[in-house]
Amino acid sequence: MHIEYDHENDVAYVSLVAHIADGAAVRQFTLDSPGGADLNLDFDKAGRLLGIEVVGARAGLPEELLRQASRTDG
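Scope of this entry: the structure provided in the associated data block. Residue numbers here run from 1 along each chain, matching the order of that chain's written sequence. The model is predicted, so local features are restricted to residues of pLDDT at least 70 and side-chain atom pairs to those at 80 or more, both for listing and for counting; the totals for chains, interfaces and linings are taken over all residues. The side-chain figures draw on all heavy atoms in the structure; neither hydrogens nor water molecules are used.

## So, a nonpolar patch on the surface
Okay, step 1: Put simply, a patch holds well-exposed residues, over 30% relative accessible area, that have no salt bridge, with like charges counted together within 9 Å and Val, Leu, Ile, Met, Phe, Trp or Tyr side chains within 5 Å. Surface exposure here means Shrake-Rupley accessible area, sampled with a 1.4 Å probe, where a residue is shielded only by the protein chains that are shown. The term salt bridge refers to a pairing of a side-chain nitrogen on Lys or Arg with a carboxyl oxygen on Asp or Glu at a separation within 4 Å. Together, M1, L16, V17 and L49 make up a nonpolar patch on the protein surface, roughly 360 Å² of accessible area in all.
Okay, step 2: Here L16 lies in the loop between β2 (11–15) and β3 (27–32).
Okay, step 3: Only protein chains enter the accessibility calculation, which uses a 1.4 Å probe. A residue is then buried if its area is under 20% of the maximum for its type, exposed if over 50%, and partly exposed in between. Accessibility expressed as a relative area gives 35% for L16, which makes it partly exposed. Secondary structure elements follow DSSP: runs of H or I of four or more residues count as helices, runs of E of two or more count as strands, with numbering from the N terminus.

What follows is the structure in structure tokens.
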């Protein structure tokens, strides 16, 4: 598992696999979390969960987790 965090846009991505190839995520499912973040779940063609995008990451994830995440630029 690997977590990247874009501080400027407050978006985190939790990869559940080592590498997600371009085009591998063929289906997305969006959920509203009770904490105010939007969760976008990425699935492959076999229905396996590849990763989770958290829009509004500061509202949806523990701050400690965000501090430990790899930083990306918007």
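## Quick look at the nonpolar core
Okay, step 1: Buried residues of nine kinds, namely Ala, Val, Leu, Ile, Met, Phe, Trp, Tyr and Cys, make up a nonpolar core once their side-chain atoms join them within 4.5 Å. Judged by nonpolar contacts, I3, Y5, A12, V14, A37, V54, A57, L61, L66 and A69 together constitute the single largest core of 10 residues.
Okay, step 2: Elements supplying a minimum of two residues to this core: β1 (2–6) and β2.

## Notes on the pairing of β2
Okay, step 1: Summarising burial for β2: four of the five residues are buried, a large majority.
Okay, step 2: Strands were regarded as paired on the criterion that DSSP finds at least two bridges between them. As paired elements, β1 and β2 share five bridges and run antiparallel to each other. Looking across to β2, one finds that H2 is bridged to S15.
Okay, step 3: By the bridge criterion, five bridges tie β2 to strand β5 (residues 49–55) in an arrangement that is antiparallel. For A12, the partnering residue across the bridge sits in β5 and is V54.

## Here's the deal with the sheet that holds β2
Okay, step 1: Pairing within the open sheet is mixed, and its six strands lie in the order β3-β4-β5-β2-β1-β6. Across the chains shown, the open sheet's two edge strands, defined by having one partner strand only, are β3 and β6 (70–72). Strand-to-strand twist in this sheet, taken as the mean axis angle between neighbours without regard to direction, amounts to 20 degrees. Think of each axis as a best-fit line through the C-alpha atoms, taken over the contacting stretch in the case of a helix, with angles from 0 to 180 degrees between the N-to-C directions.

## Here's the deal with the environment of G23
Okay, step 1: One can find G23 in the loop between β2 and β3.
Okay, step 2: Between the C-alpha atom of G23 and that of L41, which follows or precedes it by 18 residues, the distance is 14 Å.

## A short note on the pattern of salt bridges
Okay, step 1: Enumeration over the complete set of coordinates arrives at three salt bridges.
Okay, step 2: Residue D44 is joined to R48 by a salt bridge in which the shortest nitrogen-to-oxygen separation is 2.9 Å.
Okay, step 3: Classification of D44 by relative accessible area gives buried; the value is 12%.
Okay, step 4: Look at R48 and you get exposed, because its relative accessible area is 54%.
Okay, step 5: When the shortest N-O distance is used, the salt bridge between R67 and E63 registers 3.4 Å.

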